[in-house]
Amino acid sequence: MKDYQHILLAVDYSEQGVYVAEKARSLAYRYQAKLSIIHVLDNIPMPDTNYGTVIPLDQDSSDELLEAEKAKLMQLGDQLNVDLANRWMLWGVPKQEIIHIAEQEQVDLIVVGSHGRHGLALLLGSTANSVLHYAKCDVMAIRLQDA
Ligand code: AMP
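Residues numbered from 1 in each chain as written. Predicted model: local features only at pLDDT ≥ 70, side-chain atom pairs only at ≥ 80, totals over all residues. Heavy atoms only, no water.

(A) Broad picture of helix α3 (residues 94–104). Regarding α3, the residues found buried are Pro94, Glu97, Ile98, Ile99, Ile101 and Ala102. Looking at the packing, one finds that the buried side of α3 touches β1 (6–10), β2 (34–41), β5 (87–91), β6 (109–115) and α5 (127–134). Where α3 ends, the next residue or the one after it, Gln106, has phi of about 50°, a positive value. (Buried < 20%, exposed > 50% of the residue type's maximum accessible area, 1.4 Å probe, protein only. Helix = DSSP H or I, 4+ residues; strand = E, 2+ residues; numbered from the N terminus. Contact = heavy atoms within 4.5 Å.)

Here it is as structure tokens:
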């Protein structure tokens, strides 16, 4: 079997994402592969306050929120030693953008977290499910423990 050469980690910044990131890091180390990370912005990032979630209406605050999202990606990229050129932040539907970047960048392994879904949630699908079905390369789904 040929070693993986380019691994793409899909990050959603969930608490359990740290575990998924560690797996991707150790796989990249084991295979001496290039590691890329991707975060897809699929909604307007909104801050939580004591009064609930606040929807920013002015341009300045949404710019700040985007900067905050970017800072999170930069922090994770630094932790995982990912080259600047391999840190992706895009607007869109997560499953589509993950697959799009994987093809564009000739990724041979995508790493995602996966919840043990059943019932209606399984029928509705998940990011991990869609990536698994539509990606042209291998996909590693790291099982996440549901809270
Ligand atoms: P989900 O199916 O949405 O619960 O997410 C499962 C996994 O999909 C996460 O652990 C991430 O690896 C990936 N993922 C979910 N949302 C995003 C996102 N917005 N950007 C990048 N990856 C994501």
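(B) Local environment of the site of the ligand. In the vicinity of the ligand there are 15 residues, among which Ala10, Val11, Val40, Gly113 and Thr127 approach most closely. Between the ligand and Ala10 there is a distance of 2.7 Å, counted from an oxygen atom to a backbone nitrogen or oxygen. Note that an oxygen atom of the ligand is positioned 3.4 Å from one of the side-chain N or O atoms of His115. When the free accessible area of the ligand is taken as 480 Å², the share hidden by the protein chains comes to 89%. Elements with a contribution of two residues or more to the shell around the ligand: β2, α3, β6 and α5. (Near = heavy atom within 4 Å. Polar contact = N/O pair within 3.5 Å; in protein donor to acceptor, adjacent residues only side chain to side chain. Areas by Shrake-Rupley, 256 points an atom, 1.4 Å probe, with all protein chains shown as cover.)

(C) Region of the structure containing α5. Listed in full, the buried residues belonging to α5 are Ala128, Ser130 and Val131. One face of α5 carries all of its buried residues, which in axial projection span an arc of 165°. On its buried side, α5 packs onto α3, β6 and β7 (138–144). (Arc of directions from axis to C-beta.)

(D) Structural view of the pairing of β2. Among the eight residues that make up β2, seven are buried, leaving the element largely enclosed by the rest of the structure. Examined bridge by bridge, β1 and β2 share five bridges and lie parallel to one another. Across the sheet, residue Leu9 finds its bridge partner in β2, namely Ile37. Crossover connection from β1 via helix α1 (residues 17–31) to parallel β2: handedness right-handed. (Pairing = 2+ DSSP bridges. Right-handed = clockwise from strand over helix to strand, strands pointing away.)

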